[in-house]
Amino acid sequence: MKADYLNEVTDMEESVPAVLMRVVTELHDVAYLIERIEPQLAELHPEAGENTAQRMMVLQGIDLAVQKARGLADFLGQVTAGMPEAWAVDVTTALNLVKLSDMKTALGNGSLRSFNSQPLSKASGDFEAF
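Conventions we followed
Residues numbered from 1 in each chain as written. Predicted model: local features only at pLDDT ≥ 70, side-chain atom pairs only at ≥ 80, totals over all residues. Heavy atoms only, no water. Helix = DSSP H or I, 4+ residues; strand = E, 2+ residues; numbered from the N terminus. Buried < 20%, exposed > 50% of the residue type's maximum accessible area, 1.4 Å probe, protein only. Contact = heavy atoms within 4.5 Å. Polar contact = N/O pair within 3.5 Å; in protein donor to acceptor, adjacent residues only side chain to side chain. Expected span 1.5 Å × (residues − 1). Bend = angle between axes of the 7 residues up to and from the residue. pLDDT = per-residue confidence, 0-100. Axes fitted to C-alpha atoms, helices over the stretch in contact; angles between N-to-C directions. Parallel < 35°, antiparallel > 145°, perpendicular 65-115°, else oblique. Left-handed = near helix turned anticlockwise from the far one by under 90°. Salt bridge = Lys/Arg side-chain N within 4 Å of Asp/Glu carboxyl O.

Novice: Before we go on, may I ask you to explain the side chain of Thr-80 in this structure?
Specialist: Here Thr-80 shows up in helix 3 (residues 53–81). Thr-80 gets classed as buried once you look at its relative accessible area, which sits at 4%. Setting aside residues no more than four positions away along its own chain, Thr-80 makes contact with Pro-17, Leu-20 and Met-21.

Novice: Just to check I follow, could you spell out the side chain of Glu-14 for this structure?
Specialist: Along the polypeptide, Glu-14 turns up in strand 1 (residues 13–15). Glu-14 sits in the buried class, given a relative accessible area of 15%. Of note is the side chain of Glu-14, whose polar atom sits 2.6 Å from the side chain of Arg-22.

Novice: For this particular structure, what's the right way to read helix 2 (residues 16–43)?
Specialist: In an α-helix, one full turn covers 3.6 residues, which means residues spaced three or four apart are oriented alike. If you check helix 2, its first and last C-alpha atoms are 42 Å apart, about what 28 residues at 1.5 Å a residue would give, namely 40 Å. The axis of helix 2 is deflected most strongly, by about 25°, at Ile-37, and proline Pro-39 appears within four residues downstream.

Novice: I tried to follow the confidence of the model for the protein on my own but got confused; where do I start?
Specialist: Interpreting fine coordinate detail is not advised for predicted regions of low pLDDT. The predicted model of the protein averages 74 in pLDDT, with 61% of residues at 70 or higher. Here residues 112–116 is a poorly scored stretch, pLDDT under 50, and it has 16 contacts once near neighbours within four places are set aside; other chains count. In this model residues 118–130 is a low-confidence stretch, pLDDT under 50, and it forms 10 contacts with partners more than four residues away in sequence or in other chains.

Novice: I'm lost on the packing of helix 2 against helix 3 in this one. Help?
Specialist: The description of two packed helices rests on the angle between their axes and on the distance between the axes. One way to put it is that helix 2 packs onto helix 3 with a least axis distance of 9 Å and a crossing angle of 165°. Comparing the axis directions of helix 2 and helix 3 gives the class roughly antiparallel. As helix 2 packs across helix 3, the resulting crossing turns out to be left-handed.

Novice: What is the right way to look at the environment of Val-79 in this model?
Specialist: With respect to the helices and strands, Val-79 occurs in helix 3. In the structure, Val-79 is positioned 59 residues away from Leu-20 in sequence and 9.1 Å away in space, judged by C-alpha atoms.

Novice: Looking at this structure, how should I read the pattern of salt bridges?
Specialist: Note that side chains of opposite charge can pair when their charged atoms are close. Here the structure, examined in full by the defined rule, presents two salt bridges. We note a salt bridge from Glu-14 to Arg-22, for which the minimum N-O separation is 2.6 Å. Here Glu-35 ties to Arg-70 by a salt bridge, and the two come within 2.9 Å at their closest N and O atoms. Here Glu-35, found in helix 2, pairs with Arg-70, found in helix 3; they are 35 residues apart in sequence, far enough to count as distant.

The structure is reproduced here in structure tokens:
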């Protein structure tokens, strides 16, 4: 029955658990990237003093953003684990909302990436500011 249902799915419909797991991966990547930025931000403007209240609030906000991204990823991962693979969703509208071409490719190509897919050794490069 499951195979019959998925055979009827259009080109832009995908399994809901597969889509959510890609979102989980992206959230883990976001947390990882924010975490990599944090030490560099902590070193900016050392003349301002190490423990100013505003500086500590910013660093705590960064930590909170990392925790929230990981928490959302873990929550979605747990919810997804209990979903039937036969559930499908049309991702056309959602993909049209994403304007960055590589994000669109990452979410729309049907492949799962491992957590922390951003390599540590890869240097940052050019970016497209829309």
